[in-house]
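Architecture and fold: a report
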Amino acid sequence: MELHFPSNFLWGSTTAAYQVEGNNYNSDFWAEEHAEGSPYKDKSGDTIDHYRLYRQDIALMASLGLNTYRFSIEWSRVEPEPGQYSRSAIEHYRDVLETCYEHGITPVVAMHHFSSPKWLMRLGGWASPEVPERFAKYCEVVFRELGHLIPYALTMNEINLPVMLREIFSKIGFIPPVGIDRDAWVAPKWRESAAKLCGTTIESYFTFHMISDVTSINILKETHRKARESIKRISPNTKVGLSMALSDIQSISGGEELAEQKWHSYFRQYLPIIEGDDFFGLQNYTREVYGPEGQVKPAEEAEQTQMGYEFYPEALSNVIRKVSKDLSIPIMITEHGIATDDDTRRVEFIGKALKGVQACLNEGIDVRGYLHWTTFDNFEWQSGYSMRFGLIEVDRSTQERKVKESARYLGSIAQWNKLVLK
Ligand code: BGC
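Residues numbered from 1 in each chain as written. Predicted model: local features only at pLDDT ≥ 70, side-chain atom pairs only at ≥ 80, totals over all residues. Heavy atoms only, no water.

**Observations concerning the site of the ligand**
The criterion, for reference: The near set for a molecule or strand comprises every residue that places at least one heavy atom within 4 Å of it. Whenever a nitrogen or oxygen atom comes within 3.5 Å of another N or O atom, the pair is scored as a polar contact, on the condition that within protein one atom can donate a hydrogen and the other can accept it, and that pairs from neighbouring residues in sequence are kept only if both atoms are in side chains. Accessible surface area values rest on a Shrake-Rupley calculation with a 1.4 Å probe, where residue burial reflects the displayed protein chains alone. Each residue is assigned to one of three groups, with Ala, Val, Leu, Ile, Met, Phe, Trp, Tyr, Cys and Pro labelled nonpolar, Asp, Glu, Lys and Arg labelled charged, and all others, Gly among them, labelled polar.
As a matter of local geometry, the ligand sits amid Gln19, His113, Phe114, Asn157, Glu158, Tyr285, Met307, Glu335, Trp373, Glu380, Trp381 and Phe389. Here Asn157 contributes a side-chain N or O atom positioned 2.9 Å from an oxygen atom of the ligand. The contact in question runs from an oxygen atom of the ligand to an N or O atom on the side chain of Glu380, over 2.5 Å. Isolated, the ligand exposes 310 Å² of accessible area, and the fraction of that covered by the protein chains is 92%. Grouping the amino acids of the shell around the ligand by side-chain chemistry returns six nonpolar, three polar and three charged.

**Concerning the sheet that holds strand β8 (residues 248-251)**
Our working rule: Any two strands with at least two DSSP-identified bridges between them are counted as paired. Counting from the N terminus, the helices are DSSP H or I runs at least four residues long and the strands are E runs at least two residues long. Axis lines are fitted to C-alpha atoms, over the contacting stretch for helices. Their N-to-C directions set the angle, which ranges from 0 to 180 degrees.
One open sheet holds the three strands; their spatial order is β8-β10-β11, and the pairing between them is mixed. Looking along the sheet, the strands with just one partner apiece sit at the ends: β8 and β11 (294-296). Between one strand axis and the next, the sheet turns through 40° on average, direction left out of account. Where strand β10 (residues 287-291) and β11 come together, three bridges link them in antiparallel fashion.

**A word on the sheet that holds strand β7 (residues 243-245)**
Note the cut-off: Contacts are assigned to residue pairs that have any heavy atoms within 4.5 Å of one another.
Across the sheet, nine strands lie side by side as β6-β5-β4-β3-β2-β13-β12-β9-β7; this open sheet has parallel pairing. Sheet topology places β6 (239-241) and β7 at the edges, where each strand pairs with a single neighbour. This sheet shows a mean twist of 25° between the axes of neighbouring strands, independent of strand direction. Two strands pair when backbone bridges link them, and strand β4 (residues 106-110) and strand β5 (residues 152-154) are joined in this way by three bridges, in the parallel orientation. Each bridged residue has a counterpart across the sheet, and for Ala110 the counterpart in β5 is Leu154. Taken strand by strand, helix α5 (residues 87-102) contacts β3 (68-72) and β4, and its axis lies near 170° from that of β3.

**Here's the deal with the pattern of salt bridges**
Under the convention used in this document: Salt bridge, as applied in this entry: a Lys or Arg side-chain nitrogen positioned within 4 Å of an Asp or Glu carboxyl oxygen. Buried residues are those whose accessible area, probed at 1.4 Å on protein chains only, stays under 20% of the maximum for their type, while exposed residues exceed 50% and partly exposed ones sit between those limits.
A complete count under the given rule lists 33 salt bridges for this structure. Here Arg268 and Asp326 are joined by a salt bridge, their closest N and O atoms 2.9 Å apart. You can see Arg268 sitting in the loop between α12 (256-266) and α13 (271-274) and its partner Asp326 sitting in the loop between α14 (315-324) and β12 (331-336), a full 58 residues away along the chain. Looking at Arg268, the relative accessible area reads 34%, which means it is partly exposed. Overall, the relative accessible area of 30% leaves Asp326 in the partly exposed class. In this structure, Asp377 and Arg388 form a salt bridge, with 3.9 Å as the shortest nitrogen-oxygen distance. Here Asp377, found in the loop between β13 (367-373) and β14 (392-395), pairs with Arg388, found in the loop between β13 and β14; they are 11 residues apart in sequence, far enough to count as distant.

**Describing the pairing of β3**
Counting buried positions along β3 yields five of five residues, so the element is predominantly enclosed. Side-chain alternation along β3 places Thr68, Arg70 and Ser72 on one buried face and Tyr69 and Phe71 on a second face that is also buried. Summarising the sheet, strand β2 (residues 10-14) and β3 pair through three bridges and their orientation is parallel. Residue pairing across strands places Thr14 opposite Arg70, the latter belonging to β3. Examined bridge by bridge, β3 and β4 share five bridges and lie parallel to one another. When the sheet's bridge partners are listed, Tyr69 is paired in β4 with Pro107.

**Concerning the side chain of Asp377**
For Asp377, a relative accessible area of 6% gives the class buried. One polar contact links Asp377 to Lys404, side chain to side chain, over a distance of 3.0 Å. If we skip the residues at most four places from it in the chain, Asp377 touches Ile48, Arg388, Phe389, Gly390, Ile392, Glu393, Val394 and Lys404.

**A closer look at unusual backbone geometry**
Here the residue pair Trp373 and Thr374 is connected by a cis peptide bond, since its omega of 10° sits within 30 degrees of zero. With a phi close to 55°, Asp49 is a non-glycine residue in the positive phi region. Within the secondary structure layout, Asp49 lies in the loop between α2 (28-34) and α3 (50-64). Using a relative accessible area of 13% as the deciding quantity, one classes Asp49 as buried. One non-glycine residue, Glu158, adopts positive backbone phi at about 55°. In this structure, Glu158 sits in the loop between β5 and α8 (161-169). Given a relative accessible area of 6%, Glu158 falls into the buried group.

**Here's the deal with the packing of aromatic side chains**
Put simply, the rule reads: Two rings belonging to Phe, Tyr or Trp (six-membered ring only in the last case) form a pair when the distance between their centres is within 6.5 Å. Interplanar angles under 30 degrees mark stacking, angles over 60 mark edge-to-face geometry, and anything in between is tilted. In this analysis the charged atom, NZ for Lys or CZ for Arg, is taken to sit over a ring once it is within 6 Å of the ring centre and within 35 degrees of the ring normal.
Overall, the coordinates contain 27 aromatic pairs when judged by the stated rule. Centroid distance Tyr152 to Phe279: 5.7 Å. Interplanar angle 90°. Geometry classified as edge-to-face. Of this pair, Tyr152 sits in strand β5 while Phe279 sits in the loop between α13 and β9 (280-284), and the two are 127 residues apart along the sequence. You'll find Tyr152 and Phe279 in the same group, each marked buried. The ring of Phe311 has Arg345 lying over it, and the distance from NZ or CZ to the ring centre is 4.5 Å. The positively charged end of Arg396 is found above the aromatic ring belonging to Tyr385, 3.7 Å away from the centroid.

The structure is reproduced here in structure tokens:
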């Protein structure tokens, strides 16, 4: 059986600057990695050296049949010190964009993907009321130069992630950076050291992942609004949105109310700021099931990914259907992926999920594209290089790229714009 997708469907994959470029030493994450007692498993270092190798990388994506590439611009490169903009960094990203066009690839650009400039921490980080203005200014500078080359922009990646992290970790009385293992981050010492490396003290050290209270959540929301406003003013043809991490929230008997609360806090509370966006970036990895006592662990026999998530490709279409009830703008799947050493599981995961996406299209839901997380095995934040999310393997000692079967599979679906079910 063949399942066809609409013409102009965007097929591609996603990366994030910090995870692939290498040497983003002006970013707060670099400080976290290098802090004394840091819980990060590896140092990002050169990562996969995409800052140097982007031309061959983009050519490789195109050769697979992909027609879209989502990447992010590193704020700390473009604005290394407050109000000082780097011509060299802007020209770099201009060339990345132009390279996409040379290869017939549509770029989707995120202006922020977790990492922020170190200097922001000196101003109070994401708790500072200056953030919306400063971020909007950075967007303005980038869009004045590059707006005509950017058809789709995300102001921020996973605007709702801090809320999810807060709910997970507030139970043990501390607000951590992304996914840090409990024992390591409860010790505040390394955070003091990270703050110092940013040129400040613990009192003003407040990274994106620590956004937690009503005030900082409101700052975040305002940041999106202001950034969208400045992008649209300068580059009215750019379609602007944000992305959200959304698990398929399910309930078993007695867990309905809790599941509803989670859905509100992870998704529905953001509806007012999505109003005015041109599209919605949906990111999904798995499901979460709630019962009367809270989240229910996956069954013993359930297959788990390297991240410990349940292998559940059906989640994607479930979430598409759920968000479509509240949204009147197109949906773009801006991330969806699986960490595994067994690439045949990735193939299966993609195929099953896309079958669901196609069903959603048939039901009349406006889905514009599917971007897989991620193009390459890369630096997975605190887990370092141990998680294999990539369509393409990288030998980091030579920086040689090796295409996996899943990359060929997604590439051929993209090329023929159809999914063939056996
Ligand atoms: C993030 C990525 C991350 C991926 C896998 C997403 O939530 O946007 O940066 O690598 O999940 O954990």
